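Chains, contacts and geometry: an overview
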Amino acid sequence: MKTFFSFSRMELPCWGFLLMSCLQSLSAHNDFFTSIGQMTDLLYTEKDLVTSLKDYIRAEENKLEQVKRWADKLDLLTATATKDPEGFLGHPVNAFKLMKRLNTEWSDLESLVLRDTTDGFISNLTIQRQYFPTDEDQTGAAKALLRLQDTYRLDTNTISIGDLPGVKHKSLMTVEDCYELGKIAYTDVDYYHTELWMVQALKQLDEGEESPIDKVTVLDYLSYAIYQQGEIERALEFTKRLLELEPEKKYEMLCRGEGIKMTPRRQSRLFCRYFDNNRSPHYVLAPVKQQDEWDRPYIVRYLDIISDAEMEKVKQLAKPRLRRATISNPITGVLETASYRISKRRATVHDPQTGKLTTAQYRVSKSAWLTGYDDPMIDTINQRIEDLTGLEMDTAEELQVANYGVGGQYEPHFDFGRKDEPDAFKELGTGNRIATWLFYMSDVSAGGATVFPDVGAAVWPMKGTAVFWYNLFPSGEGDYSTRHAACPVLVGNKWVSNKWIHERGQEWRRPCGLSEAD
């Protein structure tokens, strides 16, 4: 028997054979940006993707139209029925149809709404993605553009409006394009070009161009790039403008639970599991509970990973040693006490030896450092981290215990040393910080989340759990998406302890990758 929802499902075209045939020429691609000939193939690849995307849109519109017709029909019916419910249901056909609708047709509606029409598009995208340019291609193309800019003395506005000599197909650059060029230059410690392109991005924003990139983000990079070139006064002017525009930072939105960028589709790919780290002897019979917190960067949480007795012991050991928290001086690599802040991108510390201000992150908490000499339990905890991560702990830093009171925070920062900080952790002699392990040793009544502003991620304190992420790609390059912050504690008392794991000793435990993004 047909119901209102009887329909012939719209079948999306199968593009697999077509795509494979047109993409075979790309299968051995290498450095797309070095060959216009190879890049022309990508235009046809993108054209096929657009066709597939339009098919997906038509399928979604078809589904939405059926739902709309159902809603309109029921809206009219229920408006009539509720005027005289008893009289309406006194008609046996109306009573029968009500039972039928609620028992059958609403289930059909549910099936329609839940029907996934993305299969065709996603399969096409998956086939093509293996032939897409890599991060290396994108970076190479950006650097080529910067090289042309220098060689032919082109100003950023000329390039942005596409007004190049001899061109037939002008192409305008958006704010996002300019910002991306500036960010690639920044990652390469090229502050000259960072400034040029962030200025262009800011100019286009000031002229009213709509963009998901906001002025605060651009000014953040711009002020720091100018500062690194030694122009302190200009950097201060841009910093003042930044603070006038938005005294609050993006990370503060995440602290309030706003602006989290986890879509339902990405959420569906996060899982929980029992984890024994490839049958580690300590966890074969009693695997631990592990759950995915975020996908990019990949952040996992371990549940019930430290006992109440251990947490109390760690706090007991730390309390007499608690001192105002320190940060790593990027110039000297030495740990220093945070004094005060003058800018958003980088806070400053007062160097007790030179009396000068130097860039650092702003931190309000007290911390202590613990080793196995303080208590054998610390060695037990370190061994647990090694067993679960598979990483060597002999070259890791001591266990740092931090206590944040009301308002206690740590503004956005990187755990690893960047290219412009060549002496970061030099005194340790163990290389860069490859990964971070963070224990939550208390629940927090309100506030106190760990947030990752660049990706819109928020991880909330949960007593007895720990989170883990890699700060470096296997290639040794820093993962800039791991910039994070400890939100201010609104109500309560926040205890954490963390283990910063270093590169040395991991050569056989986490082999190097061959490209920057590996």
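The chain is annotated in an unreviewed UniProt entry as Prolyl 4-hydroxylase subunit alpha-1 from Salarias fasciatus. Reading the Function (unreviewed entry) entry of the UniProt record for the chain gives the comment "Catalyzes the post-translational formation of 4-hydroxyproline in -Xaa-Pro-Gly- sequences in collagens and other proteins." UniProt, in the comment section headed Cofactor (unreviewed entry), describes the chain in these words: "L-ascorbate".

**Observations regarding helix H10 (residues 215-228)**
Counted at 1.5 Å a residue, the expected span for H10 with its 14 residues is 20 Å, and the 20 Å between its end C-alpha atoms agrees. Counted residue by residue, H10 has 11 buried out of 14 residues, so it is predominantly covered. Along H10, the residues classified as buried are Val-216, Thr-217, Val-218, Leu-219, Asp-220, Tyr-221, Leu-222, Ser-223, Tyr-224, Ala-225 and Ile-226. Residues of H10 that are buried make contact with helix H8 (175-187), helix H9 (191-206), helix H11 (232-245) and helix H12 (250-255). Two or three places before Val-216, at the start of H10, stands the capping residue Asp-214, its side-chain oxygen 3.3 Å from that residue's backbone nitrogen. A positive phi of about 90° marks Gly-230, the residue just after H10.

**A word on the state of the cysteines**
Counting across every chain of the model gives 1 disulfide. Put simply, Cys-255 and Cys-487 are joined by a disulfide, and their sulfur atoms are 1.9 Å apart. Here Cys-255 and Cys-487 share a disulfide; its torsion about the S-S bond, -90°, makes the bridge left-handed. Taken together, the residues span a long stretch of sequence, with Cys-255 in helix H12 and Cys-487 in the loop between strand S18 (484-486) and strand S19 (489-491) at a distance of 232 residues. For Cys-487, a relative accessible area of 1% puts it in the buried group.

**What to know about the packing of H10 against H11**
Relative orientation of the contacting elements H10 and H11 amounts to 165°, with a least axis distance of 8 Å. Judged by the inter-axis angle, H10 sits roughly antiparallel to H11. H10 and H11 meet at a crossing whose hand is left-handed. Along its contact with H10, which presents Lys-215, Val-216, Leu-219, Asp-220, Leu-222, Ser-223, Ile-226 and Tyr-227, the element H11 presents Ile-232, Arg-234, Ala-235, Phe-238, Thr-239, Arg-241, Leu-242 and Leu-245. Grouping the amino acids of the contact of H10 with H11 by side-chain chemistry returns 10 nonpolar, 2 polar and 4 charged.

**Observations regarding the pattern of salt bridges**
Within the structure shown, the criterion is met by 27 salt bridges. Where Arg-58 meets Asp-55, a salt bridge forms, and the shortest distance between an N and an O atom there is 2.2 Å. With Arg-58 and Asp-55 both in helix H2 (residues 36-81), this residue pair falls 3 residues apart, about one helical turn. The network of salt bridges with shared partners includes Lys-143, Asp-188, Lys-419 and Glu-477.

**Re the packing of aromatic side chains**
In the structure shown here, the tally under the stated rule is 17 aromatic pairs. Here the aromatic rings of Tyr-191 and Tyr-224 are separated by 6.0 Å at their centres, their planes lie at 90°, and the arrangement is edge-to-face. Linking Tyr-191 in helix H9 with Tyr-224 in helix H10, this pair joins segments that are 33 residues apart in sequence. For the residue pair Tyr-191 and Tyr-224, the accessibility class agrees, reading buried in each case. Ring plane angle 50° and centroid distance 6.1 Å describe the contact between Trp-437 and Phe-468, whose orientation is recorded as tilted. Residue Trp-437 is located in strand S13 (residues 433-440), and its partner Phe-468 is located in strand S17 (residues 465-470); the two are separated by 31 residues in the primary sequence. The buried category is assigned to Trp-437, whose relative accessible area is 0%. Grouping aromatic residues by their ring pairs yields a cluster made of Tyr-179, Tyr-186, Tyr-191, Tyr-221, Tyr-224 and Tyr-227. The side chain of Lys-494 reaches across the aromatic face of Tyr-404, ending 5.0 Å from its centre. The ring of Tyr-470 has Arg-510 sitting right over it, with the charged end atom 3.7 Å from the ring centre.

**Some points on the nonpolar core**
The biggest cluster of nonpolar side chains holds 35 residues, and the ones touching the most others in it are Tyr-302, Ile-305, Leu-388, Trp-437, Phe-439, Phe-468 and Ile-501. Of all the elements in the fold, those that place two or more residues in this core are strand S3 (299-303), helix H14 (308-318), strand S10 (366-370), helix H15 (376-389), strand S11 (399-404), S13, S17 and strand S20 (494-502).

**Things to note about unusual backbone geometry**
Geometrically, the link from Arg-296 to Pro-297 is a cis peptide bond, its omega value of 0° lying close to zero. You can see Pro-297 is positioned in the loop between strand S2 (288-294) and S3. Unusually for a residue other than glycine, Arg-153 sits at a positive phi of about 50°. Mapped onto the fold, Arg-153 is located in the loop between helix H6 (135-151) and helix H7 (156-160). When its relative accessible area of 78% is taken as the criterion, Arg-153 is described as exposed. Of note, the phi angle at Asn-277 is positive, near 50°, even though the residue is not glycine.

**Overview of the confidence of the model for the chain**
Across the chain, pLDDT averages 82, with 83% of residues at or above 70. The model gives residues 1-29 a pLDDT under 50, and that stretch makes 60 contacts with residues more than four places away or in other chains. Contacts from residues 337-361, a stretch scored under 50 in pLDDT, to residues over four places away or in other chains number 78 contacts.

**Observations regarding H6**
Given a rise of 1.5 Å per residue, 17 residues ought to cover 24 Å, and the 24 Å separating the end C-alpha atoms of H6 matches this to within 8%. Packed against the buried residues of H6 are H7, H8 and H9. Arg-153, located one to two residues past H6, shows a positive phi value of around 50°.

**Quick look at the side chain of Ser-223**
Along the polypeptide, Ser-223 turns up in helix H10. A polar side-chain atom of Ser-223 sits 3.2 Å from the main-chain carbonyl oxygen of Asp-220. If we ignore the near neighbours within four places in the chain, the residues touching Ser-223 are Ala-235, Phe-238 and Thr-239.

**Section: the pairing of S17**
Most of S17 sits inside the fold, with 5 of its 6 residues counted as buried. As paired elements, S3 and S17 share 3 bridges and run antiparallel to each other. Each bridged residue has a counterpart across the sheet, and for Arg-301 the counterpart in S17 is Val-467.

Rules and cut-offs
- Residues numbered from 1 in each chain as written.
- Predicted model: local features only at pLDDT ≥ 70, side-chain atom pairs only at ≥ 80, totals over all residues.
- Heavy atoms only, no water.
- UniProt positions renumbered as here; feature names shortened; annotations may be inferred.
- Helix = DSSP H or I, 4+ residues; strand = E, 2+ residues; numbered from the N terminus.
- Expected span 1.5 Å × (residues − 1).
- Buried < 20%, exposed > 50% of the residue type's maximum accessible area, 1.4 Å probe, protein only.
- Contact = heavy atoms within 4.5 Å.
- Polar contact = N/O pair within 3.5 Å; in protein donor to acceptor, adjacent residues only side chain to side chain.
- Disulfide = S-S within 2.5 Å.
- Axes fitted to C-alpha atoms, helices over the stretch in contact; angles between N-to-C directions.
- Parallel < 35°, antiparallel > 145°, perpendicular 65-115°, else oblique.
- Left-handed = near helix turned anticlockwise from the far one by under 90°.
- Nonpolar A, V, L, I, M, F, W, Y, C, P; charged D, E, K, R; others polar.
- Salt bridge = Lys/Arg side-chain N within 4 Å of Asp/Glu carboxyl O.
- Phe/Tyr/Trp six-rings, centres within 6.5 Å; stacked < 30°, edge-to-face > 60°.
- Lys NZ or Arg CZ within 6 Å of the ring centre and 35° of its normal.
- Core = buried A, V, L, I, M, F, W, Y, C linked by side-chain atoms within 4.5 Å.
- pLDDT = per-residue confidence, 0-100.
- Pairing = 2+ DSSP bridges.

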